[in-house]
Amino acid sequence: MKKIKWTARYLSTPAAVRYCKHCGAKTVFVSSGLFRVNAQQKALDVWLIFKCQNCDTTWNCTIMSRVNPHAPAPDLLQGFHSNDEDLAMRWATDTALLKRNGAEPGIPEIEILGDTVDFTEPVDIELTAEWPAESKAATAIREKLGVSRSQFDQLCESGRIRCTSGQNLKKCKLAGKILIEIR
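Residues numbered from 1 in each chain as written. Predicted model: local features only at pLDDT ≥ 70, side-chain atom pairs only at ≥ 80, totals over all residues. Heavy atoms only, no water.

An unreviewed UniProt entry lists the protein chain under the name DUF1062 domain-containing protein, from Caproicibacter fermentans.

Structure representation (structure tokens):
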């Protein structure tokens, strides 16, 4: 049986939907990739700065609030100070963090990288997401396979496509590893 590895990659920084005071409505905020660190003698605060897509108003998404300045690992603190891109992406994709800060996680644009699948032979696919996403895995898989929703549903119901890692392929979110078998 042929084995293929796919990787789900963001095409853009994920967005957060929240109320913008300047626009007067719910709008899309996009991560700037920049952190704001405020350290006083006994407390440390860290925010990830988001910008409104319409008016460039900024919103500070709280990552750490009033923590001991020695609590974060030195390399993590250095990442905040140097505006590390991977660290910014990690926090921007943290849906629980966005929800705690009163924002709704947006659905990012995702691309699946890897070989195409030939339906004439059985294939095992390992789909790995670099960062967790609010989008459904089925949508990304359908786009990569080039099949419609109804065709995908028929393939799942007939057992030609199934998830061997235990998730419900039609409902699971794109996060971690998903093992797919095509017969």
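Caption draft 1: Layout of unusual backbone geometry. Look at D56: it is not a glycine, yet its phi comes out positive at around 65 degrees. Along the chain, D56 falls in the loop between β4 (44-52) and β5 (58-67). With a relative accessible area of 54%, D56 lands in the exposed category. Although it is not a glycine, R66 sits at a positive phi angle of roughly 55 degrees. Here R66 is to be found in strand β5. (Helix = DSSP H or I, 4+ residues; strand = E, 2+ residues; numbered from the N terminus. Buried < 20%, exposed > 50% of the residue type's maximum accessible area, 1.4 Å probe, protein only.)

Caption draft 2: Expanded view of the pairing of strand β1 (residues 2-10). Pairing geometry for β1 and strand β8 (residues 123-129), over 7 bridges, is parallel. By the bridge assignment for β8, K2 is matched with V123. By the bridge criterion, 4 bridges tie β1 to strand β7 (residues 110-113) in an arrangement that is antiparallel. Paired with T7 across the strands is L113, a residue of β7. (Pairing = 2+ DSSP bridges.)

Caption draft 3: Quick look at the pairing of β5. One ladder, built from 7 bridges, connects β4 with β5; its direction is antiparallel. When the sheet's bridge partners are listed, W47 is paired in β5 with T62. Taken together, β4 and the strand that follows it, β5, pair antiparallel across an intervening segment of 5 residues, in which D56 is found at a positive phi of about 65 degrees.

Caption draft 4: Highlighting the sheet that holds β8. With respect to topology, 5 strands assemble into an open sheet ordered β7-β1-β8-β10-β9, the strand pairing being mixed. Each edge of the open sheet carries a strand with a single partner, namely β7 and β9 (161-163). Across the sheet, the mean angle separating the axes of adjacent strands is 25 degrees when strand polarity is ignored. (Axes fitted to C-alpha atoms, helices over the stretch in contact; angles between N-to-C directions.)

Caption draft 5: Just the pattern of salt bridges, in detail. Inspection of every chain in the model, using the stated rule, returns 8 salt bridges. With a closest N to O distance of 2.4 Å, K26 and E104 form a salt bridge. With K26 in strand β3 (residues 25-39) and E104 in strand β6 (residues 104-105), this residue pair connects regions lying 78 residues apart in the sequence. Each of D153, E157 and K170 takes part in salt bridges that share partners, so that together they form one network. (Salt bridge = Lys/Arg side-chain N within 4 Å of Asp/Glu carboxyl O.)

Caption draft 6: Main features of the domain arrangement of the protein chain. The domain boundaries assigned to the protein chain delineate domain 1 (2-12 + 108-182) and domain 2 (16-105). Summarising the inter-unit geometry, the C-alpha centres of domain 1 and domain 2 are found 31 Å apart. Listed as interface residues are 4 residues of domain 1 and, on the opposing side, 6 residues of domain 2. When the two sides are added together, the surface that domain 1 and domain 2 hide from each other amounts to roughly 490 Å², 72% of it contributed by carbon and sulfur. At the boundary of domain 1 with domain 2, the tally comes to 0 salt bridges. The tally of links from domain 1 across to domain 2 stands at 0 residue pairs in polar contact (both at pLDDT 80 or more). Its residues assigned to classes, the side of domain 1 that touches domain 2 comprises 3 nonpolar, no polar and 1 charged. (Domains from an automatic or database assignment. Contact = heavy atoms within 4.5 Å. Buried area = accessible area lost by both parts, 1.4 Å probe. Polar contact = N/O pair within 3.5 Å; in protein donor to acceptor, adjacent residues only side chain to side chain. Nonpolar A, V, L, I, M, F, W, Y, C, P; charged D, E, K, R; others polar.)

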